[in-house]
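An overview of the molecular structure
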Amino acid sequence: MVIYLSGDVDDAVRLDEMTPRQIVAELDKHVVGQRNAKRAVAIALRNRVRRQKLAPDMAADVMPKNIIMIGSTGVGKTEIARRLARMSNSPFLKIEASKFTEVGYVGRDVESMIRDLTEISVEMMRQEKIEEIEDKAELNVEERVLDLLLPPPRSAQPSGYFDFDEDEETPSSPSSTAPLEETGARDDQFQRTREKLRAQLRAGKLDNRIVEIEIREKSFPTIELAGPQGIEEMGINMKDMLGNIFQGRTKRRKMRVDEAMEYLMQEEEERLIDMDTVARAALERVESTGIIFLDELDKIAGRESGGGPDVSREGVQRDILPIIEGTTVNTRYGMVRTDHILFIAAGAFHVSKPSDLIPELQGRFPIRVELESLTVEDFKRILTEPKNALIKQYQALMETEGVQIDFTPDAIDAVANFAARVNEQTENIGARRLHTIMEKLLDEISFEGPDLEPKQQRIDASYVDRMLADTVKDQDLSRYIL
């Protein structure tokens, strides 16, 4: 029972000031229903805040209470976890458990999820630093572009070197002050012209002007090595080692002013941001507030007897176990301890069940919540309540071509009933079924587009029946079309 609602998290309330009840209320703005799942994640999030207020020796022993969400696709498992991460401003990674392979086989090893989470955390910290230095960087870029458009004149004033041959006691003649006056007038004229150009630059009137700037070459050879850390990590390390060797050369390139400002902005950000500080803060954030959403856990559930050449599902579970229990993973930014990373696992568990996991892994997920399937009433609310609901999206799309679509209440009821019936007859894919139903319903209107007459289209229950009834009745056809 889930509905996606629009809206942003209220930044006025700090997370460490929110009670579990307030966290659930915040989640209610985006996902309706699934109260048990929201209560579980709210408690887990609040426990993190509580742990940070403990004494260091006690906090080290308080482990996160990992969660397993059990429910079919399309009921809101991923959305709850994503909204939770957005509320807490935590590094969040969604990964499918079926992507990993047992050690010794070609594929992604389980430690790559920690490396990916660290990359996300570093990028989050870098964006925060960019916001802090954005104003200063924009001013610096503006000055550099103005220097390209209007190079400063050579000053006629004496240089910084002292002339020892000149007699210090010689009084300055009137003729010697004349160049100084001319220089001052020229500098005033230059400043006035520069300010005019600055105003035009800020107004975007100079965006199409061509300037020539020096850019650093960033090309380096592609080297791919297979090592114990995996191909992707070795490739990153080789770039770090060899990147500076191939970035020393510069070349001049002509580009438009707006393109030059974008490139120079990147240069200023690199110059003003201390990446060592960013990396240290990012590692700390990963270790204390990181969240990993491990989807499709049921695909690796099961225990095999005997051996064989195929990748073992139980072997993947045993590889994931140390990451969840707490271990140290080597990343390009330093060592990351996974003891306090929150893991939220999810799966349909239609064929397998949580008890099919190995006992050690079961013990690391003490909280289990079951999400409810969607009903007809839920489908009705999904179609109409959110700010950018499906019906509103299709109405906005057709309005771009002058076609206005009006849905009657009985049409919405019919669409919801058809979606629920198809989910029962075929595979239950939750709210995602509404997308296929709406595409089939509006197929003729979307195809005709601007040629459609009249421009005012009214969709009622009879229209819905005419477009969908035959397909829904034919179960073999609905399996392929809906």
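What comes next is a walk through the structure. (Residues numbered from 1 in each chain as written. Predicted model: local features only at pLDDT ≥ 70, side-chain atom pairs only at ≥ 80, totals over all residues. Heavy atoms only, no water.)

1. Details of the packing of helix H12 (residues 376-384) against helix H14 (residues 409-425)
It is the contact of H12 with H14, at a shortest axis distance of 8 Å, that shows an interaxial angle of 125 degrees. Between H12 and H14, the crossing angle belongs to the class labelled oblique. Every pair of crossing elements has a handedness; the one defined by H12 and H14 is right-handed. In contact with Val376, Phe379, Lys380, Leu383 and Thr384 of H12, H14 contributes Ile412, Asp413, Val415, Ala416, Asn417, Ala419, Ala420 and Asn423. Of the residues contributing to the contact of H12 with H14, the split by class is eight nonpolar, three polar and two charged. (Axes fitted to C-alpha atoms, helices over the stretch in contact; angles between N-to-C directions. Helix = DSSP H or I, 4+ residues; strand = E, 2+ residues; numbered from the N terminus. Parallel < 35°, antiparallel > 145°, perpendicular 65-115°, else oblique. Left-handed = near helix turned anticlockwise from the far one by under 90°. Contact = heavy atoms within 4.5 Å. Nonpolar A, V, L, I, M, F, W, Y, C, P; charged D, E, K, R; others polar.)

2. Digging into helix H9 (residues 275-289)
Look at H9: 20 Å from first C-alpha to last across 15 residues, which is about the 21 Å you get at 1.5 Å a residue. Every buried residue of H9 is accounted for by Val278, Ala279, Ala282, Leu283, Arg285, Val286 and Thr289. Contacts from the buried residues of H9 go to helix H2 (35-52), helix H5 (112-149), strand E5 (291-295), strand E6 (328-331) and strand E7 (334-337). Residue Asp274 occupies the N-cap position of H9, its side-chain oxygen lying 3.2 Å from the main-chain nitrogen of Asp276. (Expected span 1.5 Å × (residues − 1). Buried < 20%, exposed > 50% of the residue type's maximum accessible area, 1.4 Å probe, protein only. Polar contact = N/O pair within 3.5 Å; in protein donor to acceptor, adjacent residues only side chain to side chain.)

3. Some points on the sheet that holds strand E2 (residues 92-96)
In spatial order, the strands read E2-E5-E8-E1-E9; together these five strands make up an open sheet with parallel pairing. Strands with a single pairing partner mark the edges of an open sheet, and in this sheet they are E2 and strand E9 (367-370). Taken over all neighbouring pairs, the strand axes of this sheet differ in orientation by 20 degrees on average, direction set aside. The pairing of strand E1 (residues 67-70) with E9 spans four bridges and is classified as parallel. When the sheet's bridge partners are listed, Ile68 is paired in E9 with Arg368. The sheet contacts of helix H4 (residues 77-88) involve E1, E2, E5 and strand E8 (342-347), and relative to E5 the element is tilted by about 170 degrees. (Pairing = 2+ DSSP bridges.)

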